[in-house]
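Remarks on the overall topology
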Amino acid sequence: MSGDLKSQYDALYQEYQDVMYKGAWRLGWSFFFVLVGLLPMMYIFIWLAGPRTWEHTLFHEPKIMWIAAPLNLGIVVFLLSRLYRRNLELDATKQAYLARLRALKTQLPSEPKPVSNPVHERDWDTFQDDGNA
């Protein structure tokens, strides 16, 4: 019975580690692509405005850039909020796994702690180099 619980606990723990590993990498790559994806979007809007148009506008601000800046900001806020929501979902999954693991661990028989033979070493807090110790 306890061997079955132990193998069930080990299998659940391994599954928890796999889910957390994949979830963390998915979040990391998503965040990377959100940030790196901003560069091509910025270049597309500059290309739409045109390099020559840039020189002939009031204060060098083409009207399309007034549209592009809030649009870019909106896209970034949307993508970052989506990442935050995914992070919350991963955290909820983690809490669910930990609750299941805790419940299984309480059912396992307690294992005796290994007896250690401490090696007596010199107390370095009271050690002095001047030889008066």
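Note that this is a predicted model, so its numbers are computed, not measured. (Residues numbered from 1 in each chain as written. Predicted model: local features only at pLDDT ≥ 70, side-chain atom pairs only at ≥ 80, totals over all residues. Heavy atoms only, no water.)

Quick word on a positive patch on the surface
A grouping of Lys22, Arg26, Arg82, Arg85 and Arg86 is seen on the molecular surface, where their side chains present a positively charged patch. Secondary-structure elements contributing two or more residues to the positive patch are α1 (2-49) and α3 (63-107). Positionally, Arg82 belongs in helix α3. (Patch = residues over 30% accessible without salt bridge, like charges linked within 9 Å, V, L, I, M, F, W, Y side chains within 5 Å. Areas by Shrake-Rupley, 256 points an atom, 1.4 Å probe, with all protein chains shown as cover. Salt bridge = Lys/Arg side-chain N within 4 Å of Asp/Glu carboxyl O. Lys, Arg positive; Asp, Glu negative; His and termini not counted. Charge placed at Lys NZ, Arg CZ, Asp CG, Glu CD. Helix = DSSP H or I, 4+ residues; strand = E, 2+ residues; numbered from the N terminus.)

Examining the packing of aromatic side chains
A full pass over the atoms with the stated rule returns 8 aromatic pairs. Between the aromatic rings of Tyr9 and Tyr13, the centroid separation amounts to 6.5 Å while the plane-to-plane angle is 10 degrees, which identifies the pairing as stacked. With Tyr9 and Tyr13 both in helix α1 and 4 residues apart, this pair spans about one turn of that helix. Between Trp29 and Phe32, the aromatic rings sit 5.5 Å apart at their centres with planes inclined by 90 degrees, giving edge-to-face as the arrangement. Here Trp29 and its partner Phe32 are both found in helix α1, 3 residues apart, which amounts to about one turn of the helix. (Phe/Tyr/Trp six-rings, centres within 6.5 Å; stacked < 30°, edge-to-face > 60°.)

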